[in-house]
Amino acid sequence: MYTAIGYAAQSATTPLAPMTFSRRSPRPDDVAIEILYCGVCHSDIHQARNEWGIAVYPLMPGHEIVGKVTEVGANVSKHKVGDLVGVGCMVDSCRQCEACARDLEQYCLEGATMTYATPDRVDGSNTMGGYSNSIVVSEHFVVRIPEKLDLAAAAPILCAGITTYSPLKHYGVKAGDKVGVLGMGGLGHMGIKFAKAMGAEVTLFTRSASKAEEGRRQGADHVIVSTDAEQMKAAAGHFDFLLDTIPVQHDLNPYLETLRFDGVHILVGLIEPVDPALHAANLVMKRRVLAGSLIGGIAETQEVLDFCAEHGITCDIEMLDIKHINEAYSRMIAGDVKYRFVIDMATLKA
């Protein structure tokens, strides 16, 4: 064991504050990492405040981690001291079930071990995330950061990036397809970039006309203001795919009507009950599909990092001093960030 420092919540109602804790010494297949940058995901807020009812305290968030290898276990072969690496939303899985065998560890039939607030599969200790100066992770769940990527801007690719890339790849988005992206936050702006890089014609759906220029700056070919009934009516039956990044309850029915027959509406932001109710005719009458997608497996996470390096894609970020993490949470809730906070872990030492 060795001493680490970070920021954690002690309960659902207390702000994040500095905490000293123990990290395990590397096991034979482990990689020890000095954390350089960590992205701030909206799910960090949900967990810290126990809004999903599954939090375990003390809770140290952070699952968009970029750092440098400082030590490796005796059996490690993929990484060496000094390598620049990343850790995303998972740090372990059963590695034997059908999902794991297909490189879909996020759907592990025994349940994946998440980067924070989950029992370690070996010793049962509570996993602690990336709002810290270090982390120790099995090498299977550590990915390589391509040299072409800016390290800080690469951090959110490990969650926001893979969350939007994986469903577009899985459902076969290709050149010439018409893709609508719902929402313009950390997920949405990455979805626009990926769909464009895949050759699709991309339309941003937003509630605010003021975001039209920004949507086009991110690469959207068109913008539809979803509160404008005439614009929505004109889009009926137009799209092959909708990538829905909206994280709060919203009416899916008007969006489904913009899909062509066999079109696919993919949820990546919402994990609450659908409200208002879904009208089944919007699916049945056009053989439309309503689907969901959760992050991506480790192999695909490496794939998206390499894809980003090849196509010059990074997340738009605002650097953050970790001492201001609680203020950052308030700003995120208010939508006051474009588009992802990334903590500079050098500020943890200051």
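Above this note sits the structure.
Below or above, wherever it landed, is the structure these notes cover. Keep in mind it's a predicted model, so treat the numbers as computed, not measured.

**With respect to empty space enclosed by the protein**
If a probe the size of a water molecule is rolled over the atoms, the empty space left behind becomes visible.
No. 1: Scanning all chains against the criterion turns up one cavity of 30 Å³ or more.
No. 2: What the largest cavity holds in volume is close to 90 Å³.
No. 3: Surrounding the largest cavity, 13 residues form its lining, G88, C89, M90, I298 and T301 being those nearest its centre.
No. 4: Secondary structure elements with two or more residues in the lining of the largest cavity: β5 (84-87) and α10 (298-311).

**Let's talk about the pattern of salt bridges**
No. 1: The tally for this structure, following the rule as stated, stands at 22 salt bridges.
No. 2: A salt bridge links D123 to R27; the nearest nitrogen and oxygen atoms lie 3.2 Å apart. Linking D123 in the loop between β7 (113-114) and β8 (134-138) with R27 in the loop between β2 (17-23) and β3 (30-40), this pair joins segments that are 96 residues apart in sequence.
No. 3: On the basis of relative accessibility, which here comes to 46%, the residue D123 falls in the partly exposed class.
No. 4: Accessibility expressed as a relative area gives 19% for R27, which makes it buried.
No. 5: The salt bridge partner of R217 is E214, with a shortest N-O separation of 2.8 Å. Of this pair, R217 and E214 both sit in helix α6 (residues 212-218), three residues apart, roughly one helical turn.
No. 6: Overall, R217 belongs to the exposed group, its relative accessible area being 55%.

**Re the environment of V274**
No. 1: Tracing the sequence through the fold places V274 in the loop between β14 (259-267) and α9 (281-284).
No. 2: Between the alpha carbons of V274 and D251 there is a distance of 7.7 Å; along the sequence they are 23 residues apart.

**Some remarks on helix α5 (residues 186-197)**
No. 1: Spanning twelve residues, α5 covers 17 Å between terminal C-alpha atoms, matching the ideal 16 Å at 1.5 Å per step.
No. 2: Among the twelve residues in α5, ten count as buried, and that is most of the element.
No. 3: Inspection of α5 places G186, L187, G188, H189, M190, G191, I192, K193, F194 and A195 among the buried residues, and these make up the whole buried set.
No. 4: The positive-phi residue at the C-terminal boundary of α5 is G199, with phi of around 95°.

What counts, and where the lines are drawn
- Residues numbered from 1 in each chain as written.
- Predicted model: local features only at pLDDT ≥ 70, side-chain atom pairs only at ≥ 80, totals over all residues.
- Heavy atoms only, no water.
- 1 Å grid on protein atoms, 1.4 Å probe; cavity = no way out; pocket = protein on both sides within 12 Å on 5 of 7 lines; lining within 4 Å.
- Points joined across faces, edges and corners; volume = space filled by probe spheres on them.
- Helix = DSSP H or I, 4+ residues; strand = E, 2+ residues; numbered from the N terminus.
- Salt bridge = Lys/Arg side-chain N within 4 Å of Asp/Glu carboxyl O.
- Buried < 20%, exposed > 50% of the residue type's maximum accessible area, 1.4 Å probe, protein only.
- Expected span 1.5 Å × (residues − 1).

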